[in-house]
Amino acid sequence: MNIFYGILLGLVQGVAEFLPISSSGHLALVENILGATGGTDIAAMDDSAFFNIMLHLATLAAVVIAYWPDVRDMVMEFIAMVRGAVKKESLATGNIPARRLILMIIVSTLPLFVILPFHHKIEELNSIPWFIGAALLVTGLLLFIADRMPRGTKTERDMTILDAVFIGIAQGIATIPGLSRSGTTITAGMSRGLTREFAVKFSFLMSLLSVLGAVILSLVDVIKDGVEPGIMPACLVGMVVAGVTGYLSIKLLQKLVAKGKFGGFAYYCWGVGALSIILSLILK
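Residues numbered from 1 in each chain as written. Predicted model: local features only at pLDDT ≥ 70, side-chain atom pairs only at ≥ 80, totals over all residues. Heavy atoms only, no water.

**So, the overall build of the protein chain**
For the protein chain, the count of helices and strands is 13 helices and zero strands. Overall, the protein chain shows an N-to-C arrangement of helices and strands of α-α-α-α-α-α-α-α-α-α-α-α-α. Buried residues in the protein chain amount to 49% of all 284 residues. Taking all contacts inside the protein chain whose residues are at least 6 apart in sequence as the whole, residues at least 24 apart take part in 83%. Carbon and sulfur atoms form 72% of the exposed surface of the protein chain, whose accessible area is close to 13,500 Å². (Helix = DSSP H or I, 4+ residues; strand = E, 2+ residues; numbered from the N terminus. Buried < 20%, exposed > 50% of the residue type's maximum accessible area, 1.4 Å probe, protein only. Contact = heavy atoms within 4.5 Å. Areas by Shrake-Rupley, 256 points an atom, 1.4 Å probe, with all protein chains shown as cover.)

**Let's talk about the nonpolar core**
Tyr67, Met159, Phe202, Phe204, Leu205 and Leu253 are the most contacted members of the largest nonpolar core, which has 65 residues in total. Leaving out residues up to four positions away in the same chain, Leu253 has contacts with Phe18, Leu19, Pro20, Ile186, Val200, Phe204, Phe262 and Phe265. (Core = buried A, V, L, I, M, F, W, Y, C linked by side-chain atoms within 4.5 Å.)

**With respect to the pattern of salt bridges**
Enumeration over the complete set of coordinates arrives at seven salt bridges. In this structure, the salt-bridge partner of Lys201 is Asp70, at a minimum N-O distance of 3.2 Å. Of the two residues, Lys201 is situated in helix H11 (residues 196–225) and Asp70 in helix H4 (residues 68–86); the sequence distance between them amounts to 131 residues. Here Glu77 makes a salt bridge to Arg99, at a shortest N to O gap of 2.9 Å. Highlighted residues: Glu77 in helix H4 and Arg99 in helix H5 (residues 96–109), separated in sequence by 22 residues. As far as burial versus exposure is concerned, Glu77 and Arg99 are alike and both buried. Each of Asp70, Glu156 and Lys201 takes part in salt bridges that share partners, so that together they form one network. (Salt bridge = Lys/Arg side-chain N within 4 Å of Asp/Glu carboxyl O.)

**Concerning the packing of H4 against H5**
For the pair H4 and H5, interaxial distance at closest approach is 9 Å and the crossing angle is 90 degrees. When the axes of H4 and H5 are compared, the pair comes out roughly perpendicular. Across the interface between the two elements, Asp73, Met74, Glu77, Phe78 and Met81 from H4 touch Ala98, Arg99, Leu101, Ile102 and Ile105 from H5. Here the contact of H4 with H5 is composed, by residue class, of seven nonpolar, no polar and three charged. (Axes fitted to C-alpha atoms, helices over the stretch in contact; angles between N-to-C directions. Parallel < 35°, antiparallel > 145°, perpendicular 65-115°, else oblique. Nonpolar A, V, L, I, M, F, W, Y, C, P; charged D, E, K, R; others polar.)

**Comments concerning helix H13 (residues 264–282)**
For an α-helix, 3.6 residues make a turn, and residues three or four places apart therefore share a direction. Given a rise of 1.5 Å per residue, 19 residues ought to cover 27 Å, and the 28 Å separating the end C-alpha atoms of H13 matches this to within 8%. Within the sequence span of H13, burial applies to Phe265, Ala266, Cys269, Val272, Gly273, Ser276 and Ser280. One face of H13 carries all of its buried residues, which in axial projection span an arc of 135 degrees. Pointing more than 90 degrees away from the buried face of H13 are the exposed residues Tyr267, Leu281 and Ile282. (Expected span 1.5 Å × (residues − 1). Arc of directions from axis to C-beta.)

**Looking at the environment of Thr160**
Assignment of secondary structure puts Thr160 in the loop between helix H8 (129–146) and helix H9 (161–173). Assessed through its relative accessible area of 32%, Thr160 is described here as partly exposed. Residues Thr160 and Arg192, spaced 32 residues apart in sequence, show a C-alpha to C-alpha distance of 9.4 Å. Residue contacts for Thr160: discarding those within four places in its chain leaves Arg100, Met104 and Arg192.

Read these as layout, nothing more, since geometry by itself doesn't imply function.
What follows is the structure in C-alpha cells.
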C-alpha cells in the first residue's frame, strides 16, 4: 500500500463519510476497482480493514472538532450526572438540553446491538460491487425524498424517545455498504419532524458512539490477525487527509442543508450507483 493509495482512500473517506453518499460504499468500490484493474496489489489490500478503521478514527476527530461546544457540554454533563448519582444528588438541575441529547444518542445507538451478530455477513457485501451500486441507488431515492419534506421544528428540547429509536433503526439499516449513514439518518430525522440543522447535528453526534463502537469491535479482530508495519506511512497520511477533508465536508453539508439543497446529492448517488453496476459487469 503506497502513499498515493493512502491519499486517495483518505480523500474518499473524508468526503463520503459526511456528505450523504456512503463512505463504506465508496471505499469498497475504489478497492474493488483498483484491484480488478491492477491499480494496486491485491496482497496489499489484506491490510485494508486496519486502514479503514484508522480512517474512521480520523473522521471521528473531525466530528469532535466541528461540534466541539456540543461535545464539551455533553461530556461535562455526563460527568456531572455520574457525580450526582454517586453523591445521590438531585438531577433536576444542570444542562438539561445536553442531558436530553446524551439520552437520545444512547437510545438511538441501541438498535445497533441487534445488527451486531450479523456484522461479519454485512462486511462480506463490500466485495460485491453491483450490490453496492444498487444500495447507492436507494440512497439517492432517500435523498430525493428528503429534500421535498416539509421543514420540521424539533430539536433536542422536544425530540422524543420514539424519534431516537426510529433514527437508530435507520442507522442500523445503513450499516449496509452503499447506504449512506448520514443520508439515511438525516432523512429519518427530518421525517420525524427534526429541523434540518438539528437532523444533521444529531446524525453526526450520534456517529461518535456508533462508529467508535464499530471501530473498537473491528480493531480487536484486525489486531488478532496482525498488521503489516509497512502500511503505516500511507495510513498516517490517509488519516490526515481524511480528518481535514472530513471537517470541510461537515461545514459544506451544514450550509447546503440550511439552503435546502440536500437532495442534489441524489443525482450523484444515482450516477455512481449505475456506473458501479455497469463496471461490475464489465470487470467481472
